[in-house]
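# Summary of structural features
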Amino acid sequence: MSKKDSILVTGGAGFIGSNFVLTWIKEIGSPVINLDSLTYAGNRNNLQSLNDDSRHIFVHGDIADEALVARLLSEHKPTAIVHFAAESHVDRSIVGPDAFIKTNVFGTFSLLQSARAYYAGLNAEPQKAFRFLHVSTDEVYGSLAPDDPAFSETTPYAPNSPYAASKASSDHLVRAYFHTYGLPVLTTNCSNNYGFYQFPEKLIPLMILNSLEGKPLPVYGDGQNVRDWLFVEDHCSAIRAVLDRGRLGETYNIGGSSERKNIDVVTTICDLLDELAPSEKIGSRRKLISYVKDRPGHDRRYAIDARKIKQELGWEPAAQFESGIRKTVEWYLANQDWVENVRSGAYQQWIETNYAERVAR
Ligand code: NAD
Ligand code: DAU
């Protein structure tokens, strides 16, 4: 990829998308057209440091707006589309699945149609270079028992939440566009991310902010569910590796080799807050832990077998969970303005919807 080759990123104002845009500009330095509809999860403040950087072009719009996407493609002639835009929170998909079908299934379909038309109109050389990279999740594989082998690229799909089903559906569409129309696609299936700019509806930022304020820490079920945590900048470097060297039509699993039980993640956060923001009034944060009603259909365990991306592309995560989570807690403590800004009325409304009925057990 040369310094001139632009890319179209969708969902680049969200958590992973904004980290991707920031690290892309730093590491690669070529222009990014960032298409984002700014749902509750999209936040332009994440990209404030690029306000005066002409390499970042922000476009407020929907991936399903075919006229807009066609215009952006013909105007900027990107060499790749990196597709992050999605509804991403499992609990929200349980409360209201409609938006997940609309964006994750129909939105991805629409974007594929736009990409296909654009690709068909390119000359041989730009056609050869073009990539459509679809960012997906390990949740499409379902749930593992404690001793099951980790998810590999050949694990059968078995999604259990409306979110996971909508992502599985989009993965199938992407695959079909490769086999049927020859669109040069790549798909990544990644484990749980954590890091800077994550919206505080997800486990780690929610627990950091509640701990800071001495609020209850709502742990679903028995707290023994396991996730494989990856620092978000490592996810971004994996995506760059797949874009650069991935084999067309292939899928790559991305993980942190950092399986942790939820309760262990939460106690780690409690201890870090006690150390970095001690409060006599709150005392030990572990006392704030409150076991609450479980998530329906709650997947027990996720784990990623990341041997393929390591062997084929030489990618490995750089961060360890312990140092990554410390950096993340420090970031939230140092960025209170960002926190105040995202905790708008819409956020409070979600907290009320999701936790009001989950009384402590
Ligand atoms: P996020 O919810 O933080 O951000 C999603 C972004 O997409 C937001 O900026 C939102 O405004 C935008 N968006 C939503 N609908 C849109 C539409 N119709 N048109 C244009 N923009 C739209 O999500 P995230 O956690 O950053 O996840 C990004 C992608 O990575 C998703 O596809 C998700 O499935 C996948 N993923 C996430 C994780 C994780 O741990 N967060 C792990 C693996 C894969
Ligand atoms: O595995 C990748 C997926 O990781 C991504 O595809 C999703 O977009 C992302 O949201 C994430 O899904 P999870 O459901 O695993 O993440 P979440 O942070 O919502 O929850 C992590 C675990 O913590 C899960 O077992 C549920 C539990 N949990 C979550 C919340 C919000 C709690 O115990 N209490 C909570 O309040």
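Attention here is on the structure that accompanies the text. (Residues numbered from 1 in each chain as written. Chains lettered and ligands numbered in written order. Predicted model: local features only at pLDDT ≥ 70, side-chain atom pairs only at ≥ 80, totals over all residues. Heavy atoms only, no water.)

## Quick word on the sheet that holds strand S11 (residues 259-261)
Convention followed: Any two strands are treated as partners once DSSP identifies two or more bridges connecting them. Runs of H or I in DSSP of at least four residues are treated as helices and runs of E of at least two as strands, each being numbered from the N terminus. For helices, the fitted axis covers only the stretch in contact; all axes are lines through C-alpha atoms, and the angles between them, taken along N-to-C directions, range from 0 to 180 degrees.
Across the sheet, which stays open at both edges, the three strands sit in the order S7-S9-S11 with mixed pairing between neighbours. The sheet is open, and its two borders are formed by strand S7 (192-194) and S11, each paired with just one other strand. Averaged over all pairs of adjacent strands, the angle between their axes in this sheet comes to 50 degrees, without regard to strand direction. In the sheet, strand S9 (residues 226-231) pairs with S11 via three bridges, with the strands oriented antiparallel. Looking at the pairing, valine 226 lines up with lysine 261 of S11.

## Thoughts on the environment of threonine 180
Let me state the cut-off plainly: Buried means the residue's accessible area, taken with a 1.4 Å probe over protein chains only, is under 20% of the maximum for its type, while exposed means over 50%, and partly exposed covers the values in between.
By the element assignment, threonine 180 lies in helix H6 (residues 162-181). Classification of threonine 180 as exposed rests on a relative accessible area of 56%. On a C-alpha basis, the gap between threonine 180 and valine 32 in space is 29 Å, while along the polypeptide they are 148 residues apart.

## Thoughts on the packing of aromatic side chains
Stated precisely, the cut-off is as follows: Ring geometry is summarised as follows: Phe, Tyr and Trp rings, the Trp one being its six-membered ring, pair when their centres sit within 6.5 Å, and such pairs are stacked at plane angles under 30 degrees, edge-to-face over 60 and tilted between the two. Only lysine NZ and arginine CZ atoms are considered, and such an atom sits over a ring when it is within 6 Å of the ring centre and within 35 degrees of the ring normal.
A full pass over the atoms with the stated rule returns 22 aromatic pairs. A centroid spacing of 6.4 Å and a plane angle of 75 degrees characterise the contact between tyrosine 194 and tryptophan 229, whose relative ring orientation is edge-to-face. Highlighted residues: tyrosine 194 in strand S7 and tryptophan 229 in strand S9, separated in sequence by 35 residues. The same class applies to tyrosine 194 and to tryptophan 229, which are both buried. Each ring, one from tyrosine 197 and one from tryptophan 331, has its centre 4.8 Å from the other, and the planes form 65 degrees; the classification is edge-to-face. In this pair, tyrosine 197 sits in the loop between S7 and helix H7 (203-213) while tryptophan 331 sits in helix H11 (residues 321-334), placing the two residues 134 residues apart along the sequence. Take tyrosine 197: its relative accessible area is 17%, and that puts it in the buried class. By the ring-pair criterion, three or more aromatic residues cluster together here, those being Tyr194, Phe196, Tyr197, Trp229, Phe231, Phe321, Trp331, Tyr332 and Trp338. Across the ring face of tryptophan 350, the terminal group of arginine 92 is positioned such that the distance to the ring centre comes to 4.6 Å. Here the guanidinium or amino end of arginine 358 rests over the ring plane of tyrosine 220, the centre of that ring lying 4.0 Å away.

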